[in-house]
Amino acid sequence: MFSAGQPRCGAYERSMRILSDIREKIREKYAEAIRNKNSCCGSGSSCCGGAEDPITRGNYDGAVMDRIPKGVVSQSFGCGSPVEMAGLNEGETVLDLGSGAGLDAFLAGGEVEPTGKVFGLDMTDEMIATAEANRIKWGLQNVEFLKGFIEDIPLPDGSVDVVVSNCVINLSPDKEAVFREIYRVLKPGGRISVSDVVFLRPIPEEIRTSIDAWAGCVAGALGRDEYAEKLEKTGFCDVKVSPTRVYEFTSSQLEEMVPNLPGAGSLDASGVAAGAWISARKPLAV
Ligand SMILES: C[S@@+](CC[C@H](N)C(=O)[O-])C[C@H]1O[C@@H](n2cnc3c(N)ncnc32)[C@H](O)[C@@H]1O
């Protein structure tokens with residue numbers, strides 16, 4: 001005879017194992033991607049990353065280029081420019097979820113200085129090490145990188161004015177936990193400015209369930225409306241999910257994203273996914 005706790009415990013352990021397997025796959029993928037970039041001889045290939053990548057290409061064109069330490073743009077795996085959209089003010093405390101090599105954290109650091117502070121959070125040692133090396137090289141004093149999970153943010157309640165994130169939340173298998181944690185660490189009235197991949201129409205189940213595609217930052221993405229609903233359910237207000245670039249994938253990009261699926265290159269993926277800017281606010285009175 002099972003006690004009331006046993007079946008739930010099994011399901012919990014299974015879901016923890018899945019979470020940890022997906023995280024490990026993602027960690028391996030981004031550790032390798034940044035090693036390739038740092039060694040200057042890798043292809044930089046992965047769904048998010050590389051000069052000709054449909055997701056990363058051209059995100060930082062224009063005036064913002066003058067404010068970015070040289071070399072860091074080529075280490076970017078983002079899908080937008082959330083700091084440019086955040087309207088940061090001097091003195092604010094900013095948290096960058098999945099800060100990678102640090103580009104957005106550095107941009108934010110420049111906008112909130114001299115009294116503001118930026119935390120970059122990432123789970124991958126190689127990313128943290130690269131970001132820290134960049135920080136030291138460029139002498140940035142008000143940026144600090146933390147190792148940890150976006151589902152379990154190592155900062156106190158109500159300690160952050162703005163959460164930014166660039167192409168990371170789609171990778172999390174537990175987005176409710178991410179949204180809960182963002183809500184927790186934000187001050188009342190705090191806001192989010194997130195660039196992320198969203199689906200504009202359903203995708204084949206084979207892609208959704210492929211861990212390789214997940215790590216390549218497509219399979220884990222939410223639908224546009226689903227994204228807004230989850231944020232509203234968490235308690236956020238003024239939620240907007242605005243597509244900024246609709247993606248077209250070539251056959252070879254599809255084959256690379258879903259290597260275990262025969263015929264992946266001929267899937268109809270046109271207009272399925274887009275880069276989007278997501279903004280929302282934690283109510284003042286909660
Ligand atoms: C697509 S890259 C984006 C990096 C950076 N935001 C940029 O724009 O270049 C995803 C990053 O998120 C990190 N990451 C993915 N899932 C994470 C999680 N659950 N917790 C913490 N970091 C995570 C990865 O290690 C990687 O550095």
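As the structure is a computational prediction, the values presented were derived from the model and not from experiment.

Thresholds applied
Residues numbered from 1 in each chain as written. Predicted model: local features only at pLDDT ≥ 70, side-chain atom pairs only at ≥ 80, totals over all residues. Helix = DSSP H or I, 4+ residues; strand = E, 2+ residues; numbered from the N terminus. Buried ≥ 20, exposed ≤ 12 C-beta atoms within 10 Å, placed from the backbone. Contact = placed C-beta atoms within 7 Å. pLDDT = per-residue confidence, 0-100. Near = placed C-beta within 6 Å. Nonpolar A, V, L, I, M, F, W, Y, C, P; charged D, E, K, R; others polar. Pairing = 2+ DSSP bridges.

Colleague: Could you clarify how one ought to interpret the overall build of the protein in this entry?
Modeller: When helices and strands are counted, the protein shows 9 helices and 8 strands. Within the span of the protein, comprising 286 residues, buried residues form 45% of the whole. Excluding contacts between residues fewer than 6 apart, the proportion of contacts in the protein whose partners are at least 24 apart in sequence is 75%.

Colleague: It is not clear to me how the confidence of the model for the protein should be interpreted in this structure. Could you clarify?
Modeller: Reading fine detail from the predicted coordinates is not recommended where pLDDT is low. Confidence along the protein averages 86 in pLDDT terms, with 86% of residues attaining 70 or more. In the model, residues 1–5 has pLDDT below 50 throughout and makes 1 contact with residues more than four positions away in sequence or in other chains. Counting interchain partners and residues more than four positions distant, the pLDDT-below-50 stretch residues 41–47 has 18 contacts.

Colleague: Help me out: how do you make sense of the site of the ligand in this one?
Modeller: Taken together, the neighbourhood of the ligand is formed by 26 residues, with G78, G98, G100, T124 and N166 sitting nearest. For the shell around the ligand, the class distribution of residues is 13 nonpolar, 8 polar and 5 charged.

Colleague: Could you clarify how one ought to interpret helix α3 (residues 103–112) in this entry?
Modeller: Owing to its 3.6 residues per turn, the α-helix aligns residues three or four sequence positions apart on the same side. Within α3, 8 of the 10 residues are buried, leaving the element largely enclosed by the surrounding structure. Among the residues of α3, L103, D104, A105, F106, L107, A108, G109 and V112 are the ones counted as buried. Of the surrounding elements, those touching the buried residues of α3 are α2 (82–86), β1 (93–97), β2 (117–122), β3 (143–147) and β4 (160–166).

Colleague: So what exactly am I meant to see when it comes to the environment of Q253 here?
Modeller: For Q253, the location among the structural elements is in helix α9 (residues 251–257). Along the sequence, Q253 and A264 sit 11 residues apart, while their C-alpha atoms lie 9.3 Å from each other.

Colleague: Help me understand the environment of V197 in this model?
Modeller: One can find V197 in strand β5 (residues 186–199). A sequence separation of 142 residues divides V197 from I55, and the C-alpha atoms of the two residues are 8.7 Å apart.

Colleague: What's the story with unusual backbone geometry in this structure? I'm lost.
Modeller: Excluding glycine, residues mostly carry a negative phi; peptide bonds, for their part, are mostly trans. Along the chain, E113 connects to P114 via a cis peptide bond; the corresponding omega equals 10 degrees. Among the secondary structure elements, P114 is positioned in the loop between α3 and β2. Positive phi, normally seen in glycine, also occurs at C167, with a value near 65 degrees. Note that C167 resides in the loop between β4 and α5 (175–185). Judged by C-beta crowding, with 27 C-beta atoms within 10 Å, C167 ranks as buried.

Colleague: Even after reading the chapter, I still don't get the environment of A31, so can you show me in this structure?
Modeller: Summarising the element assignment, A31 is placed in helix α1 (residues 5–39). For the pair A31 and I128, spaced 97 residues apart in sequence, the C-alpha separation works out to 9.9 Å. Contact partners of A31, with chain neighbours within four places excluded, come to T124 and E126.

Colleague: Can you walk me through the pairing of β4 in this structure?
Modeller: Regular strands place side chains that alternate from one sheet face to the opposite one. Most of β4 sits out of view: 7 of its 7 residues are buried. Pairing of β1 with β4, which is carried by 4 bridges, proceeds in the parallel orientation. Bridge pairing in β4 places L97 opposite S165. Two strands pair when backbone bridges link them, and β4 and β5 are joined in this way by 6 bridges, in the parallel orientation. The residue of β5 that forms the bridge with V160 is L186.

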